[in-house]
Amino acid sequence: MSNNQDLERIARILVVEDDDDQRTYLMHVLRRLGNLEPIGVGDPESALELLANEHWDLLITDLILPGRNGLNLADEAQEHHGGLPVIVVTAHPSFETAVEAVRAGVSDFLVKPLDADRLLAAVDRALSGFHRVTSRVLAIGAHPDDVELGCGGALALHRIHGDEITILTMSQGAETPDLEHRLKQAALSAQRLGATLIMHTLRETMIAESPTVDELIAAAISEIRPDTVYVHTPQDVVTDHRAVNASTRRVARAVPRLLCYQSPSSTVDFHPVEFIGIDNGLDSKLGALGAFLEAAPDREYLSPEMVRATARYWGRFASAKYAEPFEVVRDRLDRRTDRLDLPVGRPTRAGRG
Ligand SMILES: [Zn+2]
């Protein structure tokens, strides 16, 4: 178990397995670690009751249960505990696609027969948001420059903190002759934030909610296993932005921290409740946006003056001069922010700080 010295609280794990021998074995292995509190039940109805009424940090469930499918239980679990990590154990792998599993909020699949090392490694991965001091961050945008503009400062702070950052961009932008040049700008921008760039080729203005968009985002989540995801706010006049928000919310149900950023096209209904001070990240943000501005100097919304003024305005809600605003879909990691000692970028909630 890595970093378990960082764990101050005991992680509560609900184990659902109808086979008595299997359940006893699972509980035995989990109890070997002093910082886990596993509770075992044999029938899914008891599991549902426990999920509805108690706090949990992880669900481990068999795929085939009497009267209920494990994926269905995972789905129900997300209703009560959005972002709850779920491990599904099965003797019959590969029937479920990665997308279906991710959609149901499953963090990991384990194939029987189980050995203790693989089980504990999976538990470690599933509780990574809980245990880890550093994070894996995925920032999703419809077009080049959306992510940098919406949360470039927050990403720069993540980088300072040692977090792994991936930018997922769904479209390469408008089809113009300078496409190749634009791809280079996007790569340079990501590089200036210390981020890995994944760029898809959906057509700008044509990104509708669809299984394709779901699958592309689910694939990234399944590969990266982020504990924090940033995405567009749904309060936005650009349909591409809204579609990416909707898809992300559908497939990122197992991600413990999901925040929505502002765009120049956001509406007055954008209602941020979390403000990340970016005094230490503003220069990196301007540098990243500069990569795009060089190619399109007429874009006023990318100008350093506009970016700085916007961040300055939101700074009034944070204990910082400059800030980025976020809507919060969920934040199960919030309890650990006090232990993180984030440089300046400590999130400050409206009305509290
Ligand atoms: Zn955009």
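(A) Seen up close, the overall build of the protein chain. Helix and strand counts for the protein chain come out as 13 helices and 15 strands. Within the span of the protein chain, comprising 353 residues, buried residues form 56% of the whole. A separation of at least 24 residues holds for 78% of the contacts in the protein chain among residues at least 6 apart in sequence. When the accessible surface of the protein chain is split by element, carbon and sulfur atoms take 50% of a total near 15000 Å².

(B) Fine view of the sheet that holds strand S6 (residues 86–90). Read across the open sheet, the five strands follow the order S2-S1-S3-S6-S7; overall the sheet is parallel. Bordering the open sheet on either side are strand S2 (36–41) and strand S7 (108–111), each of which pairs with just one other strand. Across the sheet, the axes of successive neighbouring strands diverge by a mean angle of 20 degrees, strand direction being ignored. Judged from the four bridges that link them, strand S1 (residues 11–16) and strand S3 (residues 58–62) form a sheet pairing that is parallel. Paired with Val15 across the two strands is Ile60, which belongs to S3.

(C) Representation of the nonpolar core in the model. Residues Cys151, Leu155, Tyr230 and Phe326 are the most contacted members of the largest nonpolar core, which totals 31 residues. For this core, the element with the most residues is helix H7 (residues 146–160), which contributes seven residues. Among the nonpolar cores identified, the runner-up in size contains 22 residues, and Leu33, Ile87, Ala122 and Ala126 belong to it.

(D) Quick peek at unusual backbone geometry. The linkage connecting Lys112 with the following residue, Pro113, adopts the cis geometry, with an omega of 0 degrees. Relative to the helices and strands, Pro113 is located in the loop between S7 and helix H5 (116–126). The phi torsion at Asp145 lies on the positive side, around 80 degrees, for a residue other than glycine. With respect to the element layout, Asp145 can be found in the loop between strand S8 (136–141) and H7. The phi dihedral of Arg225 is positive, around 50 degrees, even though this residue is not glycine. Tracing the sequence through the fold places Arg225 in the loop between helix H9 (211–224) and strand S11 (228–232).

(E) Layout of the coordination of the zinc ion. Donor atoms from the polypeptide that bind the zinc ion are His143 (ND1), Asp146 (OD), Asp146 (OD) and His241 (NE2), placed at 2.1 to 2.3 Å. Counting residues between consecutive donors of the zinc ion along the chain gives the motif H-x2-D-x94-H. The exposure class assigned to His143 is buried, which follows from its relative accessible area of 9%. Judged by its relative accessible area of 8%, Asp146 is buried.

Parameters at a glance
Residue numbering note: each chain is counted from 1, following its sequence as written. Two thresholds apply to this predicted model, a pLDDT of at least 70 for residue-level local features and 80 or more for giving and counting side-chain atom pairs, whereas whole-chain, interface and lining totals are computed over all residues. Side-chain descriptors were evaluated using all non-hydrogen atoms of the structure, hydrogens and water having been removed beforehand. Helix and strand labels come from DSSP, where a helix needs a run of H or I of at least four residues and a strand needs a run of E of at least two; each type is numbered from the N terminus. The classification of residues rests on relative accessible area computed with a 1.4 Å probe and restricted to protein chains. Under 20% of the type maximum is buried, over 50% is exposed, and intermediate values are partly exposed. Contact between two residues is taken to exist if any of their heavy atoms lie within 4.5 Å; hydrogens are not considered. Note that accessible areas follow from Shrake-Rupley with a 1.4 Å probe, and for residues the cover is restricted to the protein chains shown. Think of it this way: DSSP has to see at least two bridges between two strands before they count as a pair. To get an axis, a line is fitted to the C-alpha atoms, and for a helix only the part in contact is used. The angle between two axes follows their N-to-C directions and goes from 0 to 180 degrees. In plain words, nonpolar cores are sets of buried Ala, Val, Leu, Ile, Met, Phe, Trp, Tyr and Cys residues tied together by side-chain atoms within 4.5 Å. Keep in mind that water is not among the atoms, so a site may look incomplete; donors are the N, O and S atoms within 2.8 Å of the metal, or 3.2 Å for Na, K and Ca.

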